[in-house]
Amino acid sequence: MSLDFGSWCAKYILCLFNFVFFLCGGAVLSVGIWLKLDQKSFIAITKIAENRDVPEFQQFSQPVVISQLAYILIVVGAVIFIVSFMGYCGALQESRCLLTTYGILLLTILLIEVVAVGVALACKGKAETETKTFLKTTVSDYYSTNDKADVVTVTWNILMAQMSCCGVDDYKDFQTSEKFKEGNMTVPVACCVLEGDFRRFSPKDPNCPYSPSEANSYYKTGCYKTMVNWVLDHINWVIWVMVGVVLAELIVMCFAFCLSKSLESYK
């Protein structure tokens, strides 16, 4: 089918854009499936990384962590793969059905984002309370000692070590976790002042997890407030990123609907 110049540009911009995400989604999905089906290989890689003093993989050697991470990667990868596949094939094959479905999916995602931001701003106090409640629930229900770590535990450890904070409000949040209390520690190692690369989780004071103080830990510094302060300190970057994401979604969505409409006129 012969297209005018505008439709031709929209077609190949959609093809290029979605082909990149199609490859990325396929890669994420493939890694997720590999982790689920062959955990032993990944564990072997983490052991090699540990022997070569590479800290990035040290927190991902537990089978439970690998399994949960695999499910997350599979879901995320599958969503990106399917949506981008619709956009790519719809543009390449000039299919109005696929293009319209793709545009509606993008519109739905955009509306969810706008509604979420609007609700958060309109109900700021309640949104903050609900967010804190949710975060505290992840600590009380899932946070565990390092030898029984899951994805939630690893995520909290990395966050606390990176942001120099402890718990949602403070170290007392961890006293609600039965799994954590099995280790007989007052605070997680990630709440301590660490030496060297933070990903090694090596406290300067070995007694810190059992006897934390303001000198050897951040046990009174909550992560929620720390993260809010970080966002406020980088608010310009945050706004630009959000605007960029929304504009990209709007442009791609408009291209999809416009190309679909132009294809109708060529019938």
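One can find the structure itself at the top, above this paragraph.
Residues numbered from 1 in each chain as written. Predicted model: local features only at pLDDT ≥ 70, side-chain atom pairs only at ≥ 80, totals over all residues. Heavy atoms only, no water.

*Asks:* Break down the packing of aromatic side chains for me, with residues and values.
*Replies:* Applying the stated criterion across every chain, the model contains 11 aromatic pairs. By the ring-pair criterion, three or more aromatic residues cluster together here, those being Phe19, Phe22, Phe81, Phe85 and Tyr88. (Phe/Tyr/Trp six-rings, centres within 6.5 Å; stacked < 30°, edge-to-face > 60°.)

*Asks:* Go over the side chain of Ser217, please, and point to the residues and values.
*Replies:* With respect to the helices, strands and loops of the structure, Ser217 is situated in the loop between α7 (178–181) and α8 (223–233). Judged by relative accessible area, Ser217 falls into the buried class, the value being 4%. Within polar-contact distance, the side chain of Ser217 engages the backbone oxygen of Ser213 at 2.7 Å. Only 3.4 Å separates the side chain of Ser217 from the backbone nitrogen of Tyr219, close enough to count as a polar contact. Among all residues touching Ser217, those that are not within four sequence positions of it are Cys191, Cys192, Val193, Cys208 and Pro212. (Helix = DSSP H or I, 4+ residues; strand = E, 2+ residues; numbered from the N terminus. Buried < 20%, exposed > 50% of the residue type's maximum accessible area, 1.4 Å probe, protein only. Polar contact = N/O pair within 3.5 Å; in protein donor to acceptor, adjacent residues only side chain to side chain. Contact = heavy atoms within 4.5 Å.)

*Asks:* I'd like to hear about the environment of Ser30, residue by residue, with values.
*Replies:* Counting through the fold element by element, Ser30 comes out in helix α1 (residues 5–37). Spatially, the C-alpha atom of Ser30 lies 16 Å from that of Ser84, the residues being 54 residues apart in sequence. A distance of 2.7 Å separates a polar atom in the side chain of Ser30 from the backbone oxygen of Gly26.

*Asks:* Kindly report on the pattern of salt bridges, identifying the contributing residues and their values.
*Replies:* Pairs can form between side chains of opposite charge once their charged atoms are near each other. Tallied over the full model, the rule gives six salt bridges. In this structure, Lys181 engages Glu178 in a salt bridge whose closest nitrogen and oxygen atoms are separated by 3.3 Å. Taken as a pair, Lys181 and Glu178 lie in helix α7 at a separation of three residues, close to a single helical turn. A single network of salt bridges, built from pairs that share partners, joins Lys132, Lys136, Asp169 and Asp173. (Salt bridge = Lys/Arg side-chain N within 4 Å of Asp/Glu carboxyl O.)

*Asks:* Hey, could you go over the nonpolar core for me, with residue numbers and the actual values?
*Replies:* By size, the foremost hydrophobic cluster in this structure holds 23 residues, and its most contacted members are Tyr143, Trp156, Met160 and Phe174. Secondary structure elements with two or more residues in this core: α5 (124–142), α6 (151–163) and α8. Ranked by the residues each element gives to this core, the list is headed by α6, at three residues. With sequence-adjacent residues up to four places away left out, Phe174 is seen in contact with Val139, Tyr143, Met160, Cys166, Gly167, Phe180, Lys181, Pro188 and Cys191. (Core = buried A, V, L, I, M, F, W, Y, C linked by side-chain atoms within 4.5 Å.)

*Asks:* Describe the state of the cysteines, naming the residues involved and giving the relevant values.
*Replies:* All told, the structure shown has three disulfides when counted by the stated rule. Through a disulfide, Cys165 is tied to Cys223; the S-S separation comes to 2.1 Å. The chirality of the disulfide connecting Cys165 with Cys223 is right-handed, given an S-S dihedral of about 90°. Taken together, the positions of Cys165 in the loop between α6 and α7 and Cys223 in helix α8 put the pair 58 residues apart, joining distant regions of the chain. Judged by its relative accessible area of 0%, Cys165 falls in the buried class. The class of Cys223 is buried, set by a relative accessible area of 0%. Paired by a disulfide, Cys166 and Cys191 hold their sulfur atoms 2.2 Å apart. (Disulfide = S-S within 2.5 Å.)

*Asks:* Pulling in residues and values, what's your account of α5?
*Replies:* Taking 1.5 Å as the rise per residue, α5 with 19 residues should run 27 Å; its terminal C-alpha atoms sit 27 Å apart, in good agreement. Listed in full, the buried residues belonging to α5 are Leu135, Thr138 and Val139. In an axial view of α5, the angular spread of the buried residues amounts to 95°, which keeps them on one side of the axis. In this structure, α5 carries Lys126 and Phe134 as exposed residues pointing more than 90 degrees from its buried face. Taken together, the buried residues of α5 touch α6 and α8. (Expected span 1.5 Å × (residues − 1). Arc of directions from axis to C-beta.)

In short, geometric facts, not functional conclusions.
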